[in-house]
Amino acid sequence: MEASQRSIYNPALETALFFANQLKKPLLVYFGLTDKYKYSNSRYYSFMIDGILKTKKSLEGRGIKLVILKADPPDGAIELSKRASLLVLDRGYLRHQRHWRRKIAEQVSIPVIEVEGDVVAPVEAVSNKAEPYARTIRPKILSKLFDFLEEIPQLEPVKSSFMLDIENTWEEERAQDYLNALSIDKSVPPVQYYESGEDVALTKLKLFIEERLPIYAEMRSDPGVKATSELSPYIRFGQISPVFIVKKVLEHYPYDDPNVKIFINELVIWRELARNYAWYNPLYNEYEGLPSWARETLEKHLPDKRPAIYELSQLEEGNTDDPYWNSAQRELLTKGTIHNYIRMYWCKKLIEWTPHPKIAFDIACYLNDKYALDGRDPNGYAGISWCFGAFDRPFPEREIYGRVRKMSSASLLSKPNFKRYLQQFGKTTSQALKGI
Ligand SMILES: Cc1cc2nc3c(=O)[nH]c(=O)nc-3n(C[C@H](O)[C@H](O)[C@H](O)COP(=O)(O)OP(=O)(O)OC[C@H]3O[C@@H](n4cnc5c(N)ncnc54)[C@H](O)[C@@H]3O)c2cc1C
């Protein structure tokens, strides 16, 4: 268990259980905890460990043992597989996740099955190439959508795995005990705003369906209103299944409800376009991975005068002369996510404040991956790439941005409740409120 960190609606888990029952063997779930992961920090690890401990408990209720070993994820799996008949893996799309799975497949001597359970439509069933636009992948996904909304039967184990003599590296119940034992970056603190766990994800989904989805189409782009699901950290860690989310939404509203259509466009089309990008573009998290027209137009404008050049430390502290940008950075530092609308502004603005768009791109990835609880995810790399022209069309030429779409603070100020956002995250609110 690596990408789908949950006990409910988990196709890899249910597949493993199906085969364990067929073979009349116990099912052991393994989670490898390594502190060598890039951006291993307290924020990210406390969320992950809190979540996995809840999943462990929930699996125990079904007679399934989950072991947490201090090991590189593939190494622990390879070691445990020496005592197993079959190995079932979940699927990840990033470079290191694919490397982990390849290493396992190459080194174990038992059959290995990989199950793709964190998208609605499997990436390779949708397309065999990098899709350039949402509009090109949309019909391909939507034509298959209902094929993949099948119910997943939840089986009971024929044989419990509790008696297996495989001990956890730790038996602690609290994430803090794990954090203390791991050599990770303690300077990025956990966030209070998002309590981890599949139970919390379910509660948030219920709240979203009942209270926020009805205003999603109208209000989702206003950072001052809570109109979105705020599920991204839970989806990121696989604590909730996107298929489950779509099914629950469709239990409450018809498919052609405009709010549902726009929500599915984000959760399924844009999210799965990001997975397509990570899968088929080897440079998915690099400036060089952008379409050539975007790089060329940005570089043509390298001589254009920049309004300011900021050091990384000034950006990281949210200490620029732009109060709106600082608010977004403060939201990232304190809450661990940025509202999607201002996240676009936050990222694009870096193009103006750095001598080269490649530097801007790398800073955006660095800040997003280090502080965003939903970061280190294909969505982050695709979202950042979009800000630099990927998946978008060329716009009329302008300074610095060339033909890449620019976003001005006027678009933020046009949102009726933006003031409320600034009151929440703006330190120098009076400065930020100027012009409203
Ligand atoms: C510069 C930039 C960086 C981003 N970095 C990340 C990131 O690191 N991780 C991340 O999950 N999203 C990222 N996004 C996309 C988007 O900002 C977040 O998914 C969204 O804000 C999460 O809030 P929510 O859960 O309330 O979304 P909702 O509107 O409720 O949407 C539900 C789910 O759909 C998916 N989703 C929504 N919008 C998008 C989108 N534009 N692209 C892909 N998937 C989407 C997310 O999984 C989200 O949780 C980024 C966008 C930009 C412009």
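Above this note sits the structure.
Parameters at a glance
- Residues numbered from 1 in each chain as written.
- Predicted model: local features only at pLDDT ≥ 70, side-chain atom pairs only at ≥ 80, totals over all residues.
- Heavy atoms only, no water.
- Buried < 20%, exposed > 50% of the residue type's maximum accessible area, 1.4 Å probe, protein only.
- Helix = DSSP H or I, 4+ residues; strand = E, 2+ residues; numbered from the N terminus.
- Right-handed = clockwise from strand over helix to strand, strands pointing away.
- Axes fitted to C-alpha atoms, helices over the stretch in contact; angles between N-to-C directions.
- Parallel < 35°, antiparallel > 145°, perpendicular 65-115°, else oblique.
- Left-handed = near helix turned anticlockwise from the far one by under 90°.
- Contact = heavy atoms within 4.5 Å.
- Phe/Tyr/Trp six-rings, centres within 6.5 Å; stacked < 30°, edge-to-face > 60°.
- Core = buried A, V, L, I, M, F, W, Y, C linked by side-chain atoms within 4.5 Å.
- Near = heavy atom within 4 Å.
- Polar contact = N/O pair within 3.5 Å; in protein donor to acceptor, adjacent residues only side chain to side chain.
- Areas by Shrake-Rupley, 256 points an atom, 1.4 Å probe, with all protein chains shown as cover.
- 1 Å grid on protein atoms, 1.4 Å probe; cavity = no way out; pocket = protein on both sides within 12 Å on 5 of 7 lines; lining within 4 Å.
- Points joined across faces, edges and corners; volume = space filled by probe spheres on them.
- Nonpolar A, V, L, I, M, F, W, Y, C, P; charged D, E, K, R; others polar.
- Domains from an automatic or database assignment.

K.L.:
How should I be thinking about the pairing of strand E3 (residues 87-90) in this particular structure?
P.N.:
On any regular strand, side chains alternate: one points to one face of the sheet, the next to the other face. Both faces of E3 are covered, namely the face carrying Leu87 and Leu89 and the face carrying Val88 and Asp90. The parallel pair E3 and strand E4 (residues 112-115), bridged by helix H4 (residues 95-107), forms a crossover whose chirality is right-handed.

K.L.:
Just to check I follow, could you spell out the packing of helix H16 (residues 340-352) against helix H17 (residues 357-371) for this structure?
P.N.:
Packed helix pairs are characterised by how far apart their axes lie and by the angle those axes make with each other. Between H16 and H17, the shortest axis-to-axis distance is 8 Å and the interhelical angle comes to 140°. On the basis of the axis angle, H16 is oblique to H17. H17 is crossed by H16, and the crossing has right-handed handedness. Between H16 and H17, the contacting residues are Arg343, Trp346, Cys347, Leu350 and Ile351 on the first element and Ala360, Ile363, Ala364, Leu367 and Asn368 on the second.

K.L.:
Got a minute to help me understand the packing of aromatic side chains in this structure?
P.N.:
Each aromatic ring pair is specified by the distance between its two centres and by the angle formed by the two planes. The full count for this structure, using the stated rule, is 27 aromatic pairs. A centroid spacing of 5.0 Å and a plane angle of 75° characterise the contact between Tyr277 and Phe391, whose relative ring orientation is edge-to-face. A residue pair is termed long-range when its members are at least 10 positions apart, and Tyr277 in helix H12 (residues 258-280) and Phe391 in the loop between helix H18 (378-387) and helix H19 (409-413) qualify at 114 residues. Taken as a pair, Tyr277 and Phe391 share a single burial class, namely buried. Here the aromatic rings of Tyr284 and Tyr381 are separated by 5.6 Å at their centres, their planes lie at 50°, and the arrangement is tilted. Residue Tyr284 is found in the loop between H12 and helix H13 (292-300), and its partner Tyr381 is found in helix H18; the two are separated by 97 residues along the sequence.

K.L.:
Sorry if this is basic, but what is going on with the nonpolar core here?
P.N.:
Generally speaking, soluble globular proteins have nonpolar side chains that are buried together. Counting residues in hydrophobic clusters, the biggest one holds 124 residues, and the most contacted among them are Leu33, Tyr45, Ile49, Ile68, Ile245 and Phe388. Sort the elements by how many residues they give to this core and H12 lands first, with eleven residues. Apart from the residues within four sequence positions on either side, Ile68 is in contact with Phe31, Leu33, Ile52, Leu53, Lys56, Asn168, Thr169, Trp170 and Tyr178. If you look at the next biggest cluster of nonpolar residues, it comprises 13 residues, including Ile78, Leu89, Ile104 and Val108.

K.L.:
What is the right way to read the site of the ligand from this model?
P.N.:
Taken together, 25 residues sit near the ligand, with Tyr216, Thr228, Ser229, Glu230 and Asn340 positioned nearest. At 2.6 Å, a side-chain N or O of Tyr216 approaches an oxygen atom of the ligand. Contact between the ligand and Asp374: a nitrogen atom at 2.8 Å from a main-chain N or O atom of the residue. For the ligand, the accessible surface in isolation is 820 Å², of which the surrounding protein chains cover 93%. Elements supplying a minimum of two residues to the shell around the ligand: helix H10 (232-236), H12, H16 and H18.

K.L.:
Sorry, what's going on with empty space enclosed by the protein here?
P.N.:
Regions of empty space are outlined by a rolling probe, equal in size to a water molecule, passed over the atoms. Scanning the model with the defined rule gives two cavities of 30 Å³ or more in all. When its volume is computed, the largest cavity comes out at roughly 40 Å³. In terms of residue class, the lining of the largest cavity is made up of five nonpolar, two polar and two charged. When residues of the lining of the largest cavity are sorted by domain, at least three fall in each of domain 1 (1-118) and domain 2 (198-280). When its volume is computed, the second largest cavity comes out at roughly 30 Å³. Taken together, Ala121, Val123, Val126, Ile137, Ile141 and Glu272 make up the lining of the second largest cavity. Broken down by secondary-structure element, the contributors of at least two residues to the lining of the second largest cavity are helix H5 (123-126) and helix H6 (134-142). Grouping the constituent residues of the lining of the second largest cavity by class yields five nonpolar, no polar and one charged.

In short, the description is geometric, and any link to function would need to be established separately.
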